[in-house]
Amino acid sequence: MRESETPEAQQQVVITGAGMAGVQTAVQLREQGWRGRVRLLGAELHPPYDRPPLSKAVLLGKAEGSAFDIDFAALGVELELGRRAVRLHPEERVLETASGPVPYDRLVLATGAEPVSLPGSEGVPGVYVLRTLDDVARLRPVLEERRTLVVVGAGWIGAEFATAAREAGCEVTVVEAAAGPLPGALPAEVAAAVRGWYAESGARLRTGTAVAAVEPGAVVLAGGERLPADAVVVGIGARPATAWLRGSGVALCPDGSVRADDRLRTSVPAVYAVGDCASFPSARYGARLLVHHWDHALQSPVVAAANLLADARGAGPAEEAVYDPVPYFWSEQFGRFVQYAGHHTEGDRLVWRGDPGEPAWSVCWLRDGVLVALLAVGRPRDLAQGRRLIERGARLDPELLTDAGVALKKAVR
């Protein structure tokens, strides 16, 4: 019997990866009416949990965990823990895991991302990353003992960990090889406004400084200076967890992401990709985007599930869903709530709203007068209105935009 003739109820969807993207895919399949079997495979032994609280309440011991409040059995989802994907055989439609093969009719890749390691730090005692619940369990005693810490990387995760460590009373030095904090995420003039947050919190920020080596009890900088460190936390980025797919026929981009189309299908029939492991083409921004944030993991499964059902039911293109969101994320650091929506490039016009020396301010990016991105610090109304304006492709008046007392929606031309 050909695939298109196989009744949906007899087909099996396998989801590999039990983070937000994988869990949300399972939920969406059921909510959108999938009648076949659903198997959710997680590499960890912990029940599926949400990641954002790990660097905040869970790390500080204010919450024991962040498990999803989902009754998988009642949902008709078979949750299988400790099943790490190691190889894919698309011709046989078999996913090979560390604990045995798993056949599938349709497969959703949701393996997420993994931390980038600091070269030379592997195996050195006292070196940590912050990505999983087990990482948090290892780091909690470090914070409780108020040790001297060096954080390598002043990106989002480095800033969030430094915030938690200072709250716990630790002595913190953050080392960043780039000229300023949040490199690659924000232009220099915006990142400069963030620099002062470290000093206000009592953390030291060393930028333009590379790490030459990590030794037990110390970090050695490129110039030879040694920084005492009871513990070192590495936060220099993450890469898609897709190395296991090499040679499978699933197309990967140079950055390692699964090359999904705008329906979140991969290059292999009946295989879809969601969340941090997948990049997608954005017609809105004219670029392929790789988004490592919670909102993407929440929203991409809605579209992937819809197209999986459409494929299984032989629906035509008119019933397919296109994925082209306005990316969104937030961060809590140094007593500030930071939100970002959209996607900007170096050539976009930057417009300030408010004084970055004040507790609340925003930055907008315009492309040919159209709002394409917005960073809001303590201004949630700007973010909410800006996100809707970006979705509409609204053209704004730059002069009105600079007046922080004028609502964003009132600056539309």
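The structure we're discussing is the one just above.
Residues numbered from 1 in each chain as written. Predicted model: local features only at pLDDT ≥ 70, side-chain atom pairs only at ≥ 80, totals over all residues. Heavy atoms only, no water.

Draft legend 1. Fine view of the sheet that holds strand β7 (residues 106-109). If you walk across this open sheet you meet the five strands as β3-β2-β1-β7-β19, and the pairing is parallel. Edge positions in the sheet fall to β3 (77-81) and β19 (271-273), since each of these pairs with one other strand and no more. Averaged over all neighbouring strand pairs, the angle between strand axes comes to 20 degrees, with direction disregarded. Examined bridge by bridge, strand β1 (residues 12-16) and β7 share four bridges and lie parallel to one another. Bridging across to β7, V14 finds its partner in L107. (Pairing = 2+ DSSP bridges. Helix = DSSP H or I, 4+ residues; strand = E, 2+ residues; numbered from the N terminus. Axes fitted to C-alpha atoms, helices over the stretch in contact; angles between N-to-C directions.)

Draft legend 2. Focus on the pairing of strand β10 (residues 148-152). Most of β10 sits out of view: four of its five residues are buried. With five bridges connecting them, β10 and strand β11 (residues 171-176) associate as parallel partners. Bridging from a neighbouring strand, V152 pairs with V175 of β11. You can see the chain leave β10, run along helix α4 (residues 156-167) and come back into β11, and the turn it takes is right-handed. (Buried < 20%, exposed > 50% of the residue type's maximum accessible area, 1.4 Å probe, protein only. Right-handed = clockwise from strand over helix to strand, strands pointing away.)

Draft legend 3. Quick look at the nonpolar core. Grouped together as the largest cluster of nonpolar side chains are 97 residues, with contacts concentrated most on I15, L29, F161, Y198, W365 and L375. The element best represented in this core is helix α6 (residues 294-312), accounting for eight residues. In this structure L29 touches V13, I15, W34, V38, A305, L308 and L309, once residues within four positions along its chain are discounted. Judged by nonpolar contacts, the second largest core, of 18 residues, contains V14, V268, V271 and A273. (Core = buried A, V, L, I, M, F, W, Y, C linked by side-chain atoms within 4.5 Å. Contact = heavy atoms within 4.5 Å.)

Draft legend 4. Quick look at the pairing of strand β14 (residues 218-221). Residues A218 and V220 of β14 are buried on one face, and the alternating residues V219 and L221, pointing to the opposite face, are buried as well. In the sheet, strand β13 (residues 211-215) pairs with β14 via four bridges, with the strands oriented antiparallel. Of the residues in β14, the one forming a bridge with A213 is V220. Examined bridge by bridge, β14 and strand β15 (residues 226-228) share three bridges and lie antiparallel to one another.

Draft legend 5. Just the packing of aromatic side chains, in detail. As enumerated under the stated definition, the model contains eight aromatic pairs in all. For the ring pair F280 and Y323, a centre distance of 4.9 Å and an interplane angle of 70 degrees mean the geometry is edge-to-face. Taken as a pair, F280 in strand β20 (residues 278-282) and Y323 in the loop between α6 and β22 (328-333) lie far apart in primary sequence, 43 residues in all. Each member of the pair, F280 as well as Y323, carries the same accessibility label: buried. Summarising the aromatic geometry, the rings of W294 and W330 are spaced 5.5 Å apart at their centres and angled 75 degrees between planes, so their arrangement reads as edge-to-face. Remark: W330 occurs in strand β22 and W294 occurs in helix α6; sequence separation between them is 36 residues. Given a relative accessible area of 24%, W330 falls into the partly exposed group. Feature note: the residues W156, F329, Y340 and W365 constitute an aromatic cluster, connected by ring pairs. (Phe/Tyr/Trp six-rings, centres within 6.5 Å; stacked < 30°, edge-to-face > 60°.)

Draft legend 6. Just the environment of V322, in detail. Topologically, V322 is positioned in the loop between α6 and β22. Separated by 208 residues in the primary sequence, V322 and E114 have C-alpha atoms spaced 27 Å apart. Leave out the neighbours within four places in its chain, and V322 touches D262, R263 and V303.

Draft legend 7. Quick peek at the side chain of R83. Relative to the elements of secondary structure, R83 occurs in the loop between β3 and β4 (85-89). On the basis of relative accessible area, R83 is assigned to the buried category, the value being 13%. Engagement of the side chain of R83 in a polar contact is seen with the side chain of T97, the distance being 3.3 Å. Discounting residues that sit within four places of it in the chain, R83 has contacts with R39, L41, G42, A43, T97, S99, G100, P101 and V102. (Polar contact = N/O pair within 3.5 Å; in protein donor to acceptor, adjacent residues only side chain to side chain.)

Draft legend 8. A look at the sheet that holds strand β24 (residues 349-353). Taking strand neighbours across the sheet as the criterion, the five strands line up as β22-β23-β26-β25-β24 in an open arrangement whose pairing is antiparallel. What marks the edges here is a single partner per strand, and that holds for β22 and β24. Pairwise comparison of adjacent strand axes, ignoring direction, gives a mean angle of 15 degrees for this sheet. Sheet analysis places strand β25 (residues 361-367) next to strand β26 (residues 370-377), joined by seven bridges and oriented antiparallel. Looking at the pairing, R367 lines up with V370 of β26. This element, helix α7 (residues 380-392), spans β22, β23 (336-342), β24, β25 and β26 of the sheet and lies at about 160 degrees to β26.

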